[in-house]
There are 2 protein chains.
Amino acid sequence: MNNHDELEKLIDEKQFQLLRSGVTEVNSADVAAMIEKLSAEKAVLLFRVLPKDYAAEVFADLYSDTQKSLIERLSDAEIFDVIEELFLDDAVDFIEEMPATIANKVLNRATKETRERINRFLKYPENSAGTKMTVEYINLKKDMTVAEAFDRIRNVGSTIETIYTCYVTDSMRMLKGVVTVKDLLLSNLEQVIGDIMDTNLIITHTDTDQEEVARLFEKYDLLNIPVTDSENRLVGIITVDDVIDVVQEEATEDFQIMAAMTPSDKPYLKTNVARLAKNRITWLIFLMVAAMITGGILETFEEAIAAVPLLVVFIPMLMDTGGNSGAQSSTMIIRGIALDEIKPRDIIKIIWKETRVGLLVGGILSGINFLRIWLTYGSNTDVFRVAFVVSSTLLFTVILANVVGGILPLIAKKCKIDPAVMAAPLITTVVDASSLLVFFTIAKILLKI
Amino acid sequence: MNNHDELEKLIDEKQFQLLRSGVTEVNSADVAAMIEKLSAEKAVLLFRVLPKDYAAEVFADLYSDTQKSLIERLSDAEIFDVIEELFLDDAVDFIEEMPATIANKVLNRATKETRERINRFLKYPENSAGTKMTVEYINLKKDMTVAEAFDRIRNVGSTIETIYTCYVTDSMRMLKGVVTVKDLLLSNLEQVIGDIMDTNLIITHTDTDQEEVARLFEKYDLLNIPVTDSENRLVGIITVDDVIDVVQEEATEDFQIMAAMTPSDKPYLKTNVARLAKNRITWLIFLMVAAMITGGILETFEEAIAAVPLLVVFIPMLMDTGGNSGAQSSTMIIRGIALDEIKPRDIIKIIWKETRVGLLVGGILSGINFLRIWLTYGSNTDVFRVAFVVSSTLLFTVILANVVGGILPLIAKKCKIDPAVMAAPLITTVVDASSLLVFFTIAKILLKI
């Protein structure tokens, strides 16, 4: 069934029986991938042959524009099946991505209960634990026996995604402990849940940021985490499969911000030209204007340039090396902050470390430069002076770039700005201006121009 | 027990009984974090009071330099306990990070069986599924009943980390199917495993790259995946908690490569100055030499610069904007390749898309530039000409940067080079040279110099 042509043939020939039996043997993620490649009309035909619950799984795996095109072609009854069969967290993700008209159309087809649950979710802050959680989990009471717990799991387990961690709550829905199916299996059937449950809980809250939640999973190797509301009542759980997506999303966001773009989690090939341009233009304009100011510095040294035009030859090397050094240190610090390995209070340690790295790296680069200038332009006093001006500026630039790249992300973090903003593009611009200023100032003094 | 001072006080006062009871109530990851902050001597004292199996969990969570310092201070009997209690995958990770002398010392203390198992693991290629897998999993036979399966889980479950997916193998250790504890719980005790097991398997191989394995987890929302050897026998499983670490490691590696560094997964604050400098210097030298060549281009236009020194003012703006545009497109493509959303065969689509984005973005930037030059330098024909030279070079530079940034990562991927190498630093250097060449060529023609 992995053969795309064969699949299209079955659709064209309306061999729906064959199609259904073939396709349900394939993993839902693979069926979703097949649907992405079909035309909208064929996609609907294929989608319609899928059994209800399977169709919902496939639907959850589609990109939002494909979901939209399907919804536009499905009947009201079919939309009802989709929205009711979807796991709540998938339904919320889907509704969030739809334009308001489609979202309303879908919500109006759903039962009142589903609609209310989805609407409650939509009120949580963007990218918070609340939006990532599912409300389907196994709930136990302290005074149940292990045998009763197994009965409960057997009763409700078939409609619930994650059953391996069970949550023990009191009558006020306060979380009292957790017990895993492993604990249950390794206990006697007569034992009481209250005696075997683990009360050493790792909990998150509905408005905690998803990045923070992912960190808890990483640190404690969790499979799921309970989510409580502002009154500390258990309202849902987040499962590890959603956390991997969060980790990737957050990394993608950082990559984009660090390359001076407005972040977007839409895949590149699915994003149109206007949107790509829009995500890029704001920062480009800002940085271009900043670079014009750097250019303005050169204007004040027009006479020096006219006197020794050779100086201009070193501008690209100074600018690029400064930019690259700044990119290196800022990347290390931004990533360290994202992984929670570096905190704003480490700032002194980082300045000291980057200064020494800058001295070492800048020293080596300056040495190479000095030799290269001497070898290229011959060994007279004038060349020696130029070589000295270039090499000392280079050393200064590398140290400055390292330190600025090290501290700006920390300052941003302290001011609750995303540290990723303080990446190469911004740092390059800051460092460029100062390095050119230093370059021509030293040049004017040493070369007496 | 979270209070660091209180903890140190208990250690200083040698209140080992109190320490032991207090510390084992804390999560092992938190105890590891406490140990990281203690002096080596105190760390050993705290480590020694931990119960054996708990100590192994804590040990697995320590950074490798702390592991090393502990091992150096533990007795042979204590080292034996650690290595024997560690889960095999954690033991392998630990041994891999140790210098050869320490690794040998530890392996010599272990039982022959443990030593052989670890040595077998060490032979798998770096970052392959083989190095990430654990050999502890639940193995069932096709003709077992559900009741027998539960018995087996109860018998071996306490020493195994992951029990929720059970693997059904034949006498040749060939994997025939998987059955989850959920399936078992929802089946009758008399049912036969062969009838309820899932034969639609997602499998990986010992030498598959860990990034590929992570993709399977993401795509199919797995909790674990079976790993087979070259003869298709089941040899281990990989669990989802290790996959989150893989995803973060791979992202960190890409961040570092994209900022022109030799990647290293050692945390920044734990890396010494010499190592940080070493990771950064190679690329900096290479890129500096490349930028010198760009500078050489300027040398050939020395006369033009002497005639119209104003031209120099626009160099930083052209270089920075080209670099930033290239960073944007290359980041989108590199990340798209990493997430498996973009493939080398998409190259034509990407050239076409980036050309249009470049036209749009470059057009807007050029317009702003043109206006700015006119407003700053007055509106005579000479200024108009300069403005035209700068703006058209800018448009050319942005389109070129977008297209080069779009295709170089794809070409790298095709040539089995890491696409992340083709990021901002390299692209900036390539684009700089051509944009300066175009700038002065157009200038010479239009300004007749």
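As a starting point, this report considers the structure included with it. Residue numbering note: each chain is counted from 1, following its sequence as written. Chains carry letters from A onward and ligands carry numbers from 1 onward, assigned in written order. Residues qualify for local features only when their pLDDT is at least 70, as the model is predicted, and side-chain atom pairs are given and counted only at 80 or more; totals for whole chains, interfaces and linings, by contrast, use all residues. Hydrogens are left out, water is left out, and the side-chain values use all remaining heavy atoms of the structure.

Thoughts on the overall build of chain A
Only runs of H or I of at least four residues qualify as helices and only runs of E of at least two qualify as strands under DSSP, and these elements are numbered from the N terminus. Within chain A one finds 22 helices and six strands. In summary, chain A has a C-alpha radius of gyration of 30 Å against a globular reference of 22 Å for 449 residues, an excess of more than 25%. Its C-alpha atoms give chain A principal-axis dimensions of about 90 × 60 × 35 Å. Throughout, exposure labels follow a simple rule: accessible area from a 1.4 Å probe, protein chains only, divided by the maximum for the residue type, with under 20% read as buried, over 50% as exposed, and the rest as partly exposed. In chain A, which comprises 449 residues, the share counted as buried stands at 53%. When the accessible area of chain A is evaluated, it comes to approximately 18900 Å², of which 54% is carbon and sulfur surface. By the counting rule applied here, Lys and Arg register as positive and Asp and Glu as negative, while His and the ends of each chain are not counted. By convention, the point assigned to a charge is CZ for Arg, NZ for Lys, CD for Glu and CG for Asp. The distance from the centre of the 45 positive side-chain charges to the centre of the 64 negative ones in chain A is 4 Å. With C-alpha atoms as the basis for the radius of gyration, the globule rule is written as 2.2 Å multiplied by the number of residues raised to the power 0.38. Surface accessibility in these figures is a Shrake-Rupley result with a 1.4 Å probe; residues are shielded only by whichever protein chains are displayed.

Examining a negative patch on the surface
Patch membership requires more than 30% relative accessible area and the absence of a salt bridge. Residues of like charge join within 9 Å; the nonpolar side chains Val, Leu, Ile, Met, Phe, Trp and Tyr join within 5 Å. Here, a salt bridge means any Lys or Arg side-chain nitrogen found within 4 Å of an Asp or Glu carboxyl oxygen. Residues Asp221 of chain A together with Asp53, Glu57, Asp61, Glu85, Asp93, Glu96, Glu97, Glu126, Glu161, Asp245 and Asp265 of chain B make up a contiguous surface patch of negative charge. When residues of the negative patch are traced back to their parent elements, those giving at least two are α5 (52–60) and α8 (88–97) of chain B. A per-element tally of the negative patch places α8 of chain B first, with three residues. Examined against the element boundaries, Glu85 of chain B turns out to sit in helix α7 (residues 76–85).

Description of the environment of Met319 of chain A
Locating Met319 of chain A in the fold gives a position in helix α19 (residues 315–338). It is 55 Å that separates the C-alpha atoms of Met319 of chain A and Ile83 of chain A, two residues lying 236 residues apart in sequence. Excluding its chain neighbours within four sequence positions, the residues that come into contact with Met319 of chain A are Asp432 of chain A together with Pro316, Met319 and Asp320 of chain B. In what follows, a contact means two residues having at least one pair of non-hydrogen atoms within 4.5 Å.

Quick notes on the relation of the copies chain A and chain B
Screw-axis analysis of chain A against chain B gives a translation of 0.1 Å along the axis, an RMSD of 0.1 Å, and a rotation angle of 180°. As the rotation angle and translation indicate, the two copies are arranged about a two-fold axis. Closest to the rotation axis within chain A is the C-alpha of Ala306 of chain A, separated from it by 2.7 Å. Mapped onto chain B, 99% of the interface residues of chain A are again interface residues, and the two copies thus contact each other with one and the same surface. A residue counts toward the fit only if its pLDDT is at least 70 in both copies, and the copies are then superposed by least squares on the C-alpha atoms of those residues.

Considering the interface of chain A and chain B
A common way to express how large an interface is: the accessible area buried when the components associate. Facing the 113 residues of chain A at the interface are 112 residues of chain B. Both sides together, the interface formed by chain A and chain B hides about 10300 Å², and carbon and sulfur atoms give 69% of it. Scanning the region where chain A abuts chain B turns up four salt bridges. The partner of Lys219 of chain A in a salt bridge is Asp30 of chain B, with the nearest N and O atoms 2.9 Å apart. If you tally residues by element for the side of chain A that touches chain B, the top one is helix α17 (residues 273–300) of chain A, at 17 residues. Buried area: the sum, over both parts, of the accessible surface (1.4 Å probe) that disappears when the two are put together.

Observations concerning the sheet that holds strand β3 (residues 175–180) of chain B
All names here are of chain B. A pair of strands is labelled paired if DSSP reports no fewer than 2 bridges between them. Spatially, β1-β2-β3 is the arrangement adopted by the three strands of the open sheet, whose pairing is mixed. Edge positions in the sheet fall to β1 (138–140) and β3, since each of these pairs with one other strand and no more. Across the sheet, the mean angle from the axis of one strand to that of its neighbour is 35°, orientation sign disregarded. The pairing of strand β2 (residues 165–169) with β3 spans five bridges and is antiparallel. The residue bridging Thr165 from the neighbouring strand is Thr180, located in β3. All axes here are fitted lines through C-alpha atoms, helices being fitted over the stretch that makes contact, and every angle between N-to-C directions spans 0 to 180 degrees. Each of β1 and β2 touches helix α12 (residues 146–156); the most contacted strand, β1, lies at about 150° to it.

Looking at the sheet that holds strand β6 (residues 234–239) of chain B
All names here are of chain B. Here we have three strands laid out as an open sheet, ordered β4-β5-β6, and mixed in their pairing. In this open sheet, the two strands that pair with only one neighbour each are β4 (204–205) and β6. Where β4 meets strand β5 (residues 224–228), two bridges bridge the pair, whose relative direction is parallel. The residue of β5 that forms the bridge with His205 is Thr228. The strands touched by helix α15 (residues 210–220) are β4, β5 and β6; relative to β5, the strand with the most contacts, the crossing angle is about 140°.

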